[in-house]
Amino acid sequence: MIETMQRDPFPRAIPARRGAAWISEGFEFFKEDALSWIGASLLFFIISLAVSVVPILGSLAVYFLTTLFFGGLMLGCHARQQGGEFSVNHLFAGFSQNTPQLLILGGIYLAGNIIIIILVIVSILFLPGGGMGVLEKIASNDPVLIREMLAFVSLVVLIALALYLPLIMAMWFAPALVMLQDVSAVRAMQLSFMACLLNIVPYLIYGILALVLMILAAIPFGLGFLVLFPVITASIYAAWREIFQPAA
């Protein structure tokens, strides 16, 4: 039986060293139900890929599927934590539990991505050195102009990261908060952003380790992601539990 959670939780600060511990705890979740996690991950990737190839609507629908799937996976992690079992079926739990708020979460995530893309395009077109000038610099083969072009591209990438990072922070714990604590989509994003901001140091450590693991996972034809995806997913649950659940 899933325990009742605090309905309007507030994040607490966690020691910096816990950033690495969340990944190791995520691996423990994976290790206990490895076959089920790999099966769920394969279904996640296959369904998302199949839907994304549908022109226009498919790529939009993936955002909604992502929040539904992650909500289900968070429920699966919690069931395992409470002594139950994690199964492939948990991937689809978001289609029958807290579905409206998970869909709203997906819609906000989609809208945020669209706004960011528009702002990046506007930056490319209207920042000094942008627009058609970028193409002219590439075609010129002039080392000085190419360096200017690379500097401009670097600036645009930094702008994109500065815009995208707050969205990721707002989404990080949102599916868990919606699914496990019945928090509304908007409130969940607010709480998730606050939690990441409050724990910026442990998340910096966590992010560096995750980046290294992503590089390693990509080496064997990307097969390592069948392990890393479950580990990262379960680590989100581990972090949510520590940050949002009252200390014993």
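Residues numbered from 1 in each chain as written. Predicted model: local features only at pLDDT ≥ 70, side-chain atom pairs only at ≥ 80, totals over all residues. Heavy atoms only, no water.

1. Comments concerning the packing of aromatic side chains
For clarity, the threshold we go by: Pairs were defined over the aromatic rings of Phe, Tyr and Trp, the Trp ring being its six-membered one, requiring ring centres within 6.5 Å. Orientation was assigned from the angle between planes: stacked under 30 degrees, edge-to-face over 60, tilted for the rest. Secondary structure elements follow DSSP: runs of H or I no shorter than four residues count as helices, runs of E no shorter than two count as strands, and numbering proceeds from the N terminus. Accessible area is worked out with a 1.4 Å probe on protein chains only. A residue is then buried under 20% of its type maximum, exposed over 50%, and partly exposed in between.
Under the criterion given, the structure shown has 21 aromatic pairs. Ring centres 5.1 Å apart and planes at 40 degrees place the aromatic pair Trp22 and Tyr203 in the tilted group. In this pair, Trp22 sits in helix H1 (residues 18-32) while Tyr203 sits in helix H9 (residues 200-218), placing the two residues 181 residues apart along the sequence. You can call Tyr203 buried: its relative accessible area is 12%. Seen from their ring centres, Phe44 and Phe45 are 6.0 Å apart, and the 80 degrees between their planes marks the pair as edge-to-face.

2. Describing helix H7 (residues 174-181)
Judged by how many residues are buried, H7 sits mostly within the fold: 8 of 8 residues are covered. The set of residues buried in H7 consists of Ala174, Pro175, Ala176, Leu177, Val178, Met179, Leu180 and Gln181. Once H7 finishes, Asp182 follows within two positions and takes phi at roughly 55 degrees, a positive value.

3. A look at the packing of helix H2 (residues 34-52) against helix H3 (residues 57-81)
Stated precisely, the cut-off is as follows: Geometry is summarised by axes, namely lines fitted to C-alpha atoms with helices restricted to the contacting stretch, and by angles between N-to-C directions that run from 0 to 180 degrees. Roughly parallel refers to an angle under 35 degrees, roughly antiparallel to one over 145, roughly perpendicular to one between 65 and 115, and oblique to any angle outside these ranges. A crossing counts as left-handed when the near helix is turned anticlockwise from the far one by less than a right angle, and as right-handed when that turn is clockwise. In this description, contact between two residues means that some pair of their heavy atoms is separated by no more than 4.5 Å. Three residue categories are used. Nonpolar comprises Ala, Val, Leu, Ile, Met, Phe, Trp, Tyr, Cys and Pro, charged comprises Asp, Glu, Lys and Arg, and polar comprises the others, including Gly.
Relative to each other, H2 and H3 sit at 165 degrees, their axes nearing to 9 Å. Taken as axis vectors, H2 and H3 run roughly antiparallel relative to one another. Taken as a pair, H2 and H3 cross one another with a handedness that is right-handed. When H2 is examined against H3, the residues Trp37, Ala40, Phe44, Ile47, Ser48, Val51 and Ser52 are found in contact with a partner set consisting of Gly58, Ser59, Ala61, Val62, Leu65, Thr66, Phe69, Phe70, Leu73 and Cys77. Here the residues of the contact of H2 with H3 sort into 12 nonpolar, 5 polar and no charged.

4. Thoughts on unusual backbone geometry
Non-glycine residue Ile56 carries a positive phi angle of around 60 degrees. Within the chain, Asn98 stands out as a residue other than glycine whose phi angle is a positive 55 degrees. Following the sequence through the fold, Asn98 ends up in the loop between H3 and helix H4 (99-126). Look at Asn98 and you get partly exposed, because its relative accessible area is 23%.

5. A word on H4
As a reminder of what qualifies: The length a helix should cover is 1.5 Å for every residue beyond the first.
For H4, with 28 residues, the first-to-last C-alpha span of 40 Å sits near the 40 Å given by 1.5 Å per residue. For H4, the set of buried residues is Thr99, Leu102, Leu105, Gly106, Tyr109, Leu110, Gly112, Asn113, Ile116, Val120 and Ser123.

6. Points about the pattern of salt bridges
Cut-off, in case you're wondering: Between Lys or Arg on one side and Asp or Glu on the other, a salt bridge is scored when a side-chain nitrogen of the former is within 4 Å of a carboxyl oxygen of the latter.
The final tally for this structure, using the stated rule, is 5 salt bridges. Salt-bridge contacts for Glu25 lead to Arg18; the nearest nitrogen and oxygen are separated by 2.4 Å. Residue class for Glu25 comes out partly exposed when judged on its relative accessible area of 27%. Between Asp33 and Arg80 there is a salt bridge, with its nearest N and O atoms 2.6 Å apart. Remark: Arg80 occurs in helix H3 and Asp33 occurs in the loop between H1 and H2; sequence separation between them is 47 residues.

7. Some thoughts on the environment of Ile168
Along the chain, the position of Ile168 falls in helix H6 (residues 143-172). Remark: the alpha-carbon pair of Ile168 and Cys196, spanning 28 residues in sequence, is separated by 9.5 Å.

8. A short note on the nonpolar core
Worth spelling out the cut-off: Within this scheme, the nonpolar core is defined by two criteria: the residues are buried Ala, Val, Leu, Ile, Met, Phe, Trp, Tyr or Cys, and they are joined through side-chain atoms within 4.5 Å.
Judged by nonpolar contacts, the single largest core of 60 residues is most densely connected at Trp22, Phe173, Leu177, Leu180, Trp240, Ile243 and Phe244. It is helix H10 (residues 225-244) that provides the largest number of residues to this core, a total of 12 residues.

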